[in-house]
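Notes for the structure review
Each chain, letter by letter, is given below.
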Amino acid sequence: MLAMPTYAAEAETEINDENLEVISVTGMRSSLTSALAEKRDTSNMVEIIMATDIGKLPDQNLAEVLENLTGVQITRTAGVGTGVQIRGSNSNRVEINGASTVGAGDGRNGMSFEDLSAAIIAGVEVTKASTAKTTEGSVGGTINLRTIRPLELSETLGSVRIQGEDSSLTTDGIMPRLSGAYGDNWELSSGGKIGVVVSGSYAEQEATSFRPRVDRDATPTTDNAATGDYVGIQFLNQELENFEYETTNFATTLEYAPNDDMKFFVDAVLTSQEQRQESTRVQASGVAAFTGASVPDSFETVNFGSLDGVNLGSMQFAQTGIIEPNPAIHDSDPNLRFNSDTGARVTDSQVFRIGGEWQGDDLFISSEIAHASSDTTTPSYNSQLNFINPNAPITSANDNGVPFEYDLTGDKLTFGIAEDSIYAPSTAELLDPSNVVLDQVDISRSSNENSDTSFRIDSTYFIDDSIITSVDAGIRLNKTKHDAVTRSDRIGGFSKMVDSPSGDLFEELLVKGPSNFGASDGRALAMRDFLIIDPDLVFANPDAVTDILVDAMTQHGGNVDAPDLTPSDTAVFSIEEETIALYAQANFEYEMVRGNFGVRHVSTDISSTGNSVNGGVVESVTTTADYSYTLPRLNIVADVTDDVIVRLGWGKDIRRPDFGDLNTSVEFGTNENQTVQIGNAGLEPEEVTSFDISAEWYFAEAAVVSIGYFQKDISNLFVTDIDYASYGSDNLREPGPTCSSGIYNPSVQPNTLGDPNTEGLCVDRESLGNDSAKIKQTGIEMAFQYDLSSFEKDLGWASGFGFLANYTIQDYKGGSATYSASSRGAQIFNAANGVYDENDYVDYTLKQGLLDFSENAYNASIYYEKYGLSARMRYTWREEYRTLDTAAGASLTSTLGYPVVTEDRGQLNASVSYDVTEELNIGVEAVNLTESDITQSCVNSGALLCAQGITDRRITFGATYTF
């Protein structure tokens, strides 16, 4: 369906070589052959995936499509691919047809992959070694998503696809997917040619992940002669993460060629994404005070291993046991809280391109204007209800003692109500509205607007009879804008029963929370009976829900707190960048060697505007800055033989900070454990110098074996700077407003870290800085691709098999910025080494390095295509990696001061389809067939199990009709 461009030298060979063997292939083998042919001809290092037909990339999700490529790993949200790491880096550019895209939030990478359906994409190109023409801004690589070019169609394109998707952890049934495309071109009476392609898709998707989390970081016991020192439970959290996606995509291209030397085009890609979150959290907090009284039934000895060559020692941790209320120790804890995180992200994005190109005898010129924009709103309505246990003594506090049982054996985090306790509430009591009270509701209606407008002119001058075959030169001007407005407020934040309305005053809002996670792994111990504010009512009419809650406060007679969503004085932030980029590049060819060398010069002016409040006076403050970089780039390709190619690439690039990392406005949350994040307007771009060398052997039709080495030297790496709030001798934080460390948060309602009768607390502060030392990253990539189609006479039906595999091994060293143990982490690690006096504490540090970085990863696929049957099975595995993506809002504070380690994980995907007729194809696809779970450990791999992610299996089935 797609005609690949044919270069003049290739065309001459095809015409003059009468003995050229032509092998006609279709479907999966055709797409693999086309991708290899294009990769082989490039003058720099790229990876390419072509669709077998419009809407038929190898996976439904674009992130999972990219996971097929060597050196690419992905991260998932509730099982859906959302993030892509190229050679271990999250810092990559996303383009559509070479034009920049913008994201929905405050990041730089571009459009989110969940916002764009694979159904409208014809091919994916990942550039690992840049040329001078390549737009700056990536560390790992540049991802270019291609749509169909209508003048390259060899026949009319028509396709309609209908599918349904089912998830093993969701309860809403089959989710629909619809897509279609039409394209054609026509000869004009004037002698020119015109073509058009229109494609679109509509998809609904639900993704669920069950994520239990246990914080075992209570203050170590030091005086229990029977058990010895041990660490008890600080926090139990059971999260059911649920997202519903509704995505609409539309893409169209119009091309007009008045003659053979000239072409004009107009591209438009429009996307609409509504991402709806209905997540729940059931929390057991205030349990640390009972560590010594509720002695665990069993312990596990955790060997922490070492950090940066320093041994951390071993410590006993609670493994099984019951946490009993004890009014003599604390008159209201442990407490049980029911949270409903109800929110949405509504994003409308557009990418437009208009331009043209002209080919003269010795000169080629192209020009285009591109505009990308996204408008995003993020309404949220996050509620917290406290359970008042009728079986425990009633106190003035709005929480009440609840007994908990936990069993952390067998690599599972299971916990629930201690049913045999005299304090244990029954199912009926847990679901009785009169036994819950409103604690607080956090309401937010924030927005982001992003845009990137660019104009570029590119030219190529061709030179005859010279080693330098052509010279490229061009200019790109672009303006990038980011505007953010934060609107948020809190209802409640009550700590006393006198202010907390009972659930029977807003009973019409309450529903039983979901419990469909139980079948995911057969766990018997869990929290299945709880009440939440109905998320459907919240989505339908949040203002009406608020009115009912305010009315309940009024009836209760305590403090009445109505929301105010007027943006605060520091809630508005705007940044604008203007960049001029010039490049020049010489392309050369001599005997078996070809390639290019050139330089790109980038100059950027930045203007950021925010409000400053000083003595009650609000003043708009604009800060300006500028920087320039010269980025040389070189690529050499040696056609050693007809089948062997050696490539070398070297170049420099920069990575600008995310917009949010430059925002110095402060947003305060209400959780005493929540770290306050503040931007750093002085962040400098990361600088990256890359080197690549590889060898490729194309030993048969649609076959290759390759090996490559790469190295990246990264300066000014973005690193985390945390200032931990200090603790007093009573193990409580400073009340503020003056803090010796950390930052004062006036919105916190203390629970266990401060006096619950007060408001405001010193909390941890986090921002980004630039590492003063370089990071050196190295890696080896290997790939293999082969099919048996040439053995049809010998193998018959078995000749339909093919194989693909790739493997990446990488490492890094260097850097000077470190993570330090949190306050509780420092207590635990020093106690493990017999140190109990804070004045003698050792600071255990870990170099920050690269996050989401797996040292080893591989991908192996087997496919079969013959007799109208097409089947594919792919297994993907990646080694452990450190990440800040943890369950239920965990932060560096609650993970002992270090990013958690997501353990090794493999995933099996499969698909099969059949051509019923030449026009009709039916098929089924499966993602995560084995329902592989996610396991996260604190401090080091295999050390302290602290979070899990139990993911779903997704099955998609449907039919495609082409005409």
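Residues numbered from 1 in each chain as written. Predicted model: local features only at pLDDT ≥ 70, side-chain atom pairs only at ≥ 80, totals over all residues. Heavy atoms only, no water.

**So, the overall build of the chain**
Helix and strand counts for the chain come out as eight helices and 49 strands. Relative to a compact globule of 963 residues, whose C-alpha radius of gyration would be 30 Å, the chain shows 30 Å and is just as compact. Counting only C-alpha atoms and orienting by the principal axes, one finds that the chain spans roughly 95 × 60 × 55 Å. Expressed as a percentage of its 963 residues, the buried residues of the chain come to 55%. By sequence separation, contacts in the chain at least 24 residues apart represent 73% of the contacts at least 6 residues apart. As presented, the chain carries roughly 38,200 Å² of accessible surface, and 52% of it is formed by carbon and sulfur atoms. Charged side chains in the chain number 60 positive and 143 negative. The centres of these two groups are separated by 4 Å. (Helix = DSSP H or I, 4+ residues; strand = E, 2+ residues; numbered from the N terminus. Rg over C-alpha atoms; globule rule 2.2 N^0.38 Å. Buried < 20%, exposed > 50% of the residue type's maximum accessible area, 1.4 Å probe, protein only. Contact = heavy atoms within 4.5 Å. Areas by Shrake-Rupley, 256 points an atom, 1.4 Å probe, with all protein chains shown as cover. Lys, Arg positive; Asp, Glu negative; His and termini not counted. Charge placed at Lys NZ, Arg CZ, Asp CG, Glu CD.)

**Here's the deal with the sheet that holds strand β30 (residues 676–677)**
Pairing is mixed in the open sheet, where three strands are placed in the order β30-β36-β33. Strands with a single pairing partner mark the edges of an open sheet, and in this sheet they are β30 and β33 (718–723). The pairing of β30 with strand β36 (residues 765–770) spans two bridges and is parallel. Within the sheet, the bridge partner assigned to valine 676 lies in β36 and is arginine 765. (Pairing = 2+ DSSP bridges.)

**Details of the pattern of salt bridges**
What the rule picks out here adds up to 52 salt bridges. The closest approach of N and O atoms between arginine 161 and glutamate 925, which form a salt bridge, is 3.3 Å. Note that arginine 161 is positioned in strand β8 (residues 157–167) and glutamate 925 in strand β46 (residues 920–927), a separation of 764 residues in sequence. Residue classification places glutamate 925 among the buried positions, given a relative accessible area of 17%. Salt-bridge contacts for aspartate 458 lead to arginine 456; the nearest nitrogen and oxygen are separated by 3.0 Å. Given the relative accessible area of 6%, aspartate 458 is considered buried. The buried category is assigned to arginine 456, whose relative accessible area is 10%. (Salt bridge = Lys/Arg side-chain N within 4 Å of Asp/Glu carboxyl O.)

**A closer look at the sheet that holds strand β20 (residues 414–417)**
Taken in spatial order, the four strands of this open sheet run β13-β16-β19-β20, and their pairing is antiparallel. Across the chains shown, the open sheet's two edge strands, defined by having one partner strand only, are β13 (298–303) and β20. Between one strand and the next, the sheet's axes are offset by a mean angle of 30 degrees, whatever the strand orientation. Judged from the six bridges that link them, β13 and strand β16 (residues 314–323) form a sheet pairing that is antiparallel. Each bridged residue has a counterpart across the sheet, and for glutamate 300 the counterpart in β16 is phenylalanine 317. (Axes fitted to C-alpha atoms, helices over the stretch in contact; angles between N-to-C directions.)

**With respect to the environment of glutamine 238**
Mapping glutamine 238 onto the fold places it in strand β11 (residues 235–259). Put simply, glutamine 238 and valine 214 are 24 residues apart on the chain and 8.6 Å apart in space, counted from C-alpha to C-alpha. From its side chain, glutamine 238 meets the backbone oxygen of methionine 527 in a polar contact 2.6 Å long. (Polar contact = N/O pair within 3.5 Å; in protein donor to acceptor, adjacent residues only side chain to side chain.)

**Some points on the packing of aromatic side chains**
Counted by the stated rule, this structure contains 21 aromatic pairs. Relative to phenylalanine 784, the ring of phenylalanine 699 lies with its centre 6.2 Å away and its plane at 15 degrees, an arrangement referred to as stacked. On the criterion of sequence distance, the pair formed by phenylalanine 699 in strand β31 (residues 686–700) and phenylalanine 784 in strand β37 (residues 775–787) is long-range, its members being 85 residues apart. Look at tryptophan 797 and phenylalanine 801: their rings are 6.1 Å apart centre to centre, the planes differ by 65 degrees, and that puts the pair in the edge-to-face class. Here phenylalanine 801 falls in the partly exposed class, since its relative accessible area comes to 26%. Grouping aromatic residues by their ring pairs yields a cluster made of Phe304, Phe317, Phe829, Tyr844 and Tyr898. Over the ring of phenylalanine 265 we find arginine 149, and its NZ or CZ is 5.9 Å from the ring centre. Above the plane of the ring of tyrosine 881 lies arginine 878, whose end atom (NZ or CZ) is 3.9 Å from the centre. (Phe/Tyr/Trp six-rings, centres within 6.5 Å; stacked < 30°, edge-to-face > 60°. Lys NZ or Arg CZ within 6 Å of the ring centre and 35° of its normal.)

**As for helix α2 (residues 27–41)**
Each turn of an α-helix holds 3.6 residues, which means side chains three or four residues apart point in the same direction. Given a rise of 1.5 Å per residue, 15 residues ought to cover 21 Å, and the 22 Å separating the end C-alpha atoms of α2 matches this to within 8%. Those residues of α2 lying buried are Met28, Arg29, Ser31, Leu32, Thr33, Ser34, Ala35, Leu36, Glu38 and Lys39. (Expected span 1.5 Å × (residues − 1).)

**Examining the state of the cysteines**
Scanning the model with the defined rule gives two disulfides in all. Linked covalently through their sulfurs, cysteine 739 and cysteine 762 form a disulfide whose S-S length is 2.1 Å. Where cysteine 739 bonds to cysteine 762 through sulfur, the torsion about that S-S bond is close to -90 degrees, and the disulfide is left-handed. In this pair, cysteine 739 is assigned in the loop between β33 and β34 (743–745) and cysteine 762 in strand β35 (residues 761–763), connecting sequence segments 23 residues apart. Note that cysteine 938 is cross-linked by a disulfide to cysteine 946, the S-S spacing being 2.5 Å. (Disulfide = S-S within 2.5 Å.)

**Quick word on the confidence of the model for the chain**
Of all residues in the chain, 95% have pLDDT values of 70 or greater, and the mean over the chain is 89. Below pLDDT 50 for its whole length, residues 1–25 participates in 22 contacts with residues either more than four positions away or in separate chains. (pLDDT = per-residue confidence, 0-100.)

**Remarks on the side chain of glutamate 165**
Of note, glutamate 165 is situated in strand β8. A polar side-chain atom of glutamate 165 sits 3.1 Å from a polar atom in the side chain of glutamine 205. Look past the residues within four positions of glutamate 165 in its chain and what remains in contact with it is Gly173, Ile174, Met175, Arg177, Gln205, Arg954, Ile955 and Thr956.

**Thoughts on a negative patch on the surface**
A cluster of acidic residues, Asp260, Asp261, Asp361, Asp362, Asp464 and Asp465, forms a negative patch at the surface. Relative to the elements of secondary structure, aspartate 464 occurs in the loop between β21 (436–462) and β22 (468–485). Note on aspartate 464: relative accessible area 60%, which makes it exposed. (Patch = residues over 30% accessible without salt bridge, like charges linked within 9 Å, V, L, I, M, F, W, Y side chains within 5 Å.)

**Notes on the pairing of β46**
In the sheet, strand β45 (residues 905–915) pairs with β46 via six bridges, with the strands oriented antiparallel. Bridged to aspartate 915 within β46 is asparagine 921. Between β45 and β46, which pair antiparallel in sequence order, lie four residues. Taken together, the eight bridges between β46 and strand β49 (residues 954–962) define a ladder with antiparallel strand orientation. Within the sheet, the bridge partner assigned to alanine 926 lies in β49 and is isoleucine 955.

**Some words on a nonpolar patch on the surface**
Together, Leu254, Val266, Ile354, Trp358, Ile365, Ile369, Phe455, Ile457, Leu477, Ile580 and Leu582 make up an exposed nonpolar region whose accessible area comes to about 870 Å². For the nonpolar patch, the elements supplying multiple residues, two or more each, are β17 (335–359), β18 (363–387), β21 and β26 (572–590). Assignment of secondary structure puts leucine 582 in strand β26.

**Some thoughts on helix α8 (residues 823–832)**
Within α8, nine of the 10 residues are buried, which leaves the element mostly enclosed by the surrounding structure. Within α8 the residues assigned to the buried category are Arg824, Gly825, Ala826, Gln827, Ile828, Phe829, Asn830, Ala831 and Ala832. Contacts from the buried residues of α8 go to β16. A positive phi of about 75 degrees marks glycine 834, the residue just after α8.

**As for the side chain of asparagine 242**
Looking at the element boundaries, asparagine 242 is found in strand β11. The exposure class assigned to asparagine 242 is buried, which follows from its relative accessible area of 7%. A distance of 2.7 Å separates polar atoms of two side chains, one belonging to asparagine 242 and the other to threonine 208. Residues contacting asparagine 242, with those up to four places away along its chain left out, are Thr170, Glu206, Ala207, Thr208, Arg276, Gln277, Glu278 and Ser279.

**Some remarks on unusual backbone geometry**
Glycine aside, residues mostly have negative phi, and peptide bonds are mostly found in the trans state. Here the residue pair aspartate 333 and proline 334 is connected by a cis peptide bond, since its omega of -5 degrees sits within 30 degrees of zero. Looking at the element boundaries, proline 334 is found in the loop between β16 and β17. Cis geometry marks the peptide bond from glycine 736 to proline 737, where omega comes out at 5 degrees. Locating proline 737 in the fold gives a position in the loop between β33 and β34. Its identity as a non-glycine residue notwithstanding, asparagine 97 has a phi of 50 degrees, on the positive side. Following the sequence through the fold, asparagine 97 ends up in the loop between β4 (93–96) and β5 (99–100). Since its relative accessible area comes to 13%, asparagine 97 is described here as buried. A positive phi angle, near 60 degrees, is found at asparagine 716, a position not held by glycine. Looking at where asparagine 716 falls in the secondary structure, it is placed in the loop between β32 (703–715) and β33.

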